[in-house]
Amino acid sequence: MFVLCVCLIQTTLEKQETKKRDNLLTIDITLKNKKNYKFLFDTGAMVSLLDEKIAKEIKAKRRFVLLADSIPPQNLVYKSLKLPLIQKKNIGYRSHIKFSLNKQNYNRKSSFFWSKKNTFFETTNISGILGWNFIKKYNWVIDVKENKIKISHSKNITVSTDSVALSSEIKEIEGLPYIDLLVNHTNRFNILLDTGASDFLSIPTNIFNKKEKTTNSKTVYGKNEEKYVQVDTVNINGLRFRNAPIGTYSKLKTHKKLLGLEFMRLFDKVIINNTHNKVYFLK
């Protein structure tokens, strides 16, 4: 078994959270008005979202949808919009939009949702969110440190086994990508692969027998109280990580088990191969 020992920079959780605005993983998308816009690349978002101002700017044709608690559970696409991004009991719209990225046109119209009240777009310079409904159709090579993302239309991405530090099968559960992680050799979890979260790893913290710490942090959604434990050493699928902040839970979290950008940034590249339902973390 290949073991990689990685030492994390010791910073407070509060400092990490206050930098969340600047640490978003983004991709440039060109819309039909020939202007470039910055979109959040978010595998943790079931659907793609669009800022209302941009939707009006490109004169997007809209279909009415109701973002409310009364949405039937089986209608997962609409129900997923009950996120902190969009307030509950809000009226929203769905539009089919053509766009291009990496100089490649995507004329098969993709669905984007947008609403009249969206605190996320009001507090960032992000114009939209590219969600899993589009991401899962292609393969991706992500340089998380440099914030560079390449889309691949090839069904096969060559990955050298010598460069793979960690890999896992991707399983789609209720429209989102989950991976299987073994923590400290005995605790196995299905964890959301979330490029839209700044966290290192969020899992139940009681397995570490450590006292939780609390910090008041500032996020894109406003002030927030979060709990975590600082773990001296944690083993994840055979890799050892030191000084790891584990389990940043809060009332704003939609998913309590997730793998975020702070984890991914410890690797040179992350490859999402949706052809074979695999994710590779390259050293």
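Small disclaimer: the values here were computed from a predicted structure and weren't measured.

A.B. asks: Got a minute to help me understand the overall build of the protein in this structure?
C.D. replies: When you go through the protein residue by residue, the secondary structure sums to 6 helices and 20 strands. Going through the 283 residues of the protein one by one, you find that 52% of them count as buried. In the protein, 66% of the contacts between residues at least 6 apart in sequence involve partners at least 24 apart. Here the protein displays about 14,300 Å² of accessible surface, and carbon together with sulfur accounts for 47% of that area.

A.B. asks: How do you make sense of the side chain of Asp199 when you look at a structure like this?
C.D. replies: Looking at the secondary structure, you find Asp199 in the loop between β13 (187-193) and β14 (201-202). The class of Asp199 is buried, set by a relative accessible area of 3%. Among the polar contacts made by the side chain of Asp199, one reaches the side chain of Ser202 at a distance of 3.5 Å.

A.B. asks: Would you mind going over the pairing of strand β11 (residues 164-173) with me for this structure?
C.D. replies: A regular strand places its side chains on the two faces of the sheet in alternate fashion. In terms of strand pairing, β11 meets strand β20 (residues 278-282) through 5 bridges, oriented antiparallel. The partner of Val164 across the bridge, within β20, is Leu282. Bridge count for β11 against strand β12 (residues 176-183) is 4 bridges, and the pairing is antiparallel. Residue Lys171 lies in a different strand from β12, and its bridge partner there is Tyr178. Here β11 folds back onto β12 in antiparallel fashion, the turn holding 2 residues, of which Glu174 has a positive phi close to 50 degrees.

A.B. asks: I keep staring at the pattern of salt bridges and nothing clicks. Help me out?
C.D. replies: Close approach of charged atoms lets side chains of opposite charge pair. Under the counting rule described, the total for this entry stands at 7 salt bridges. A salt bridge links Arg188 to Asp180, with the nearest nitrogen and oxygen atoms 2.4 Å apart. When its relative accessible area of 25% is taken as the criterion, Asp180 is described as partly exposed.

A.B. asks: Can you walk me through the pairing of β12 in this structure?
C.D. replies: Most of β12 is tucked away, with 6 of its 8 residues classed as buried. Relative to β13, β12 runs antiparallel, the two sharing 6 bridges. Residue pairing for β13: Tyr178 is matched across the bridge by Leu192. Taking the residues between adjacent antiparallel strands as the criterion, β12 and β13 are bridged by 3 residues, where Asn184 takes a positive phi near 55 degrees.

A.B. asks: I would appreciate a short explanation of the confidence of the model for the protein in the present structure.
C.D. replies: Close inspection of predicted coordinates is inappropriate for parts of the model with low pLDDT. For the protein, the mean per-residue pLDDT works out to 76, and 73% of the residues sit at or above 70. Low confidence marks residues 1-22, where pLDDT is under 50. Its contacts with residues over four positions away, or in another chain, come to 49 contacts. Across residues 67-91, confidence stays below pLDDT 50; counting only partners more than four residues off in sequence or on other chains, it has 59 contacts.

A.B. asks: Would you explain a positive patch on the surface in this entry?
C.D. replies: A grouping of Lys32, Lys59, Lys61 and Lys98 is seen on the molecular surface, where their side chains present a positively charged patch. Structurally, the position occupied by Lys59 is in the loop between α2 (52-57) and β5 (63-67).

A.B. asks: Got a minute to help me understand the nonpolar core in this structure?
C.D. replies: Burial of nonpolar side chains together is a common tendency in soluble globular proteins. Membership of the largest hydrophobic core comes to 75 residues, with the highest contact counts inside it found for Leu130, Trp140 and Phe281. Per-element tally for this core: the top contributor is β12, with 5 residues. One finds Ile157, Val159, Val164 and Ile271 within the second-largest nonpolar core, a separate group that totals 6 residues.

The rules behind the values
- Each chain has its residues counted from 1, running along the sequence as written.
- Reporting in this predicted model follows two pLDDT cut-offs: at least 70 for local features of residues, and 80 or more for side-chain atom pairs to be given and counted; totals over whole chains, interfaces and linings ignore these cut-offs and use all residues.
- The basis for every side-chain value is the complete set of non-hydrogen atoms in the structure, without hydrogens or water.
- Strands are runs of DSSP state E lasting at least two residues, helices are runs of H or I lasting at least four, and both sets are numbered from the N terminus onward.
- Summary of the burial criterion: residues with accessible area below 20% of their type's maximum are buried, those above 50% are exposed, and those between are partly exposed, where the area comes from a 1.4 Å probe applied to protein chains only.
- Contacts are assigned to residue pairs that have any heavy atoms within 4.5 Å of one another.
- Surface accessibility in these figures is a Shrake-Rupley result with a 1.4 Å probe; residues are shielded only by whichever protein chains are displayed.
- The term polar contact refers here to a pair of N or O atoms within 3.5 Å; inside protein, the definition further demands a hydrogen-donor-capable atom paired with an acceptor-capable atom, and it admits residues adjacent in sequence only when both atoms are side-chain atoms.
- Strands are treated as partners if at least two bridges between them are detected by DSSP.
- Just to be clear on terms, a salt bridge is a Lys or Arg side-chain nitrogen sitting within 4 Å of an Asp or Glu carboxyl oxygen.
- The quantity known as pLDDT measures the predictor's confidence residue by residue, on a range of 0 to 100.
- A patch is a set of surface residues, each over 30% in relative accessible area and not in a salt bridge, joined within 9 Å for like charges and within 5 Å for the nonpolar side chains Val, Leu, Ile, Met, Phe, Trp and Tyr.
- Charge counting follows a simple rule: Lys and Arg are positive, Asp and Glu are negative, and His as well as the terminal groups are ignored.
- A charged residue contributes its charge at one atom only: NZ of Lys, CZ of Arg, CG of Asp or CD of Glu.
- Residue types Ala, Val, Leu, Ile, Met, Phe, Trp, Tyr and Cys, when buried and joined through side-chain atoms within 4.5 Å, form a set referred to as a nonpolar core.

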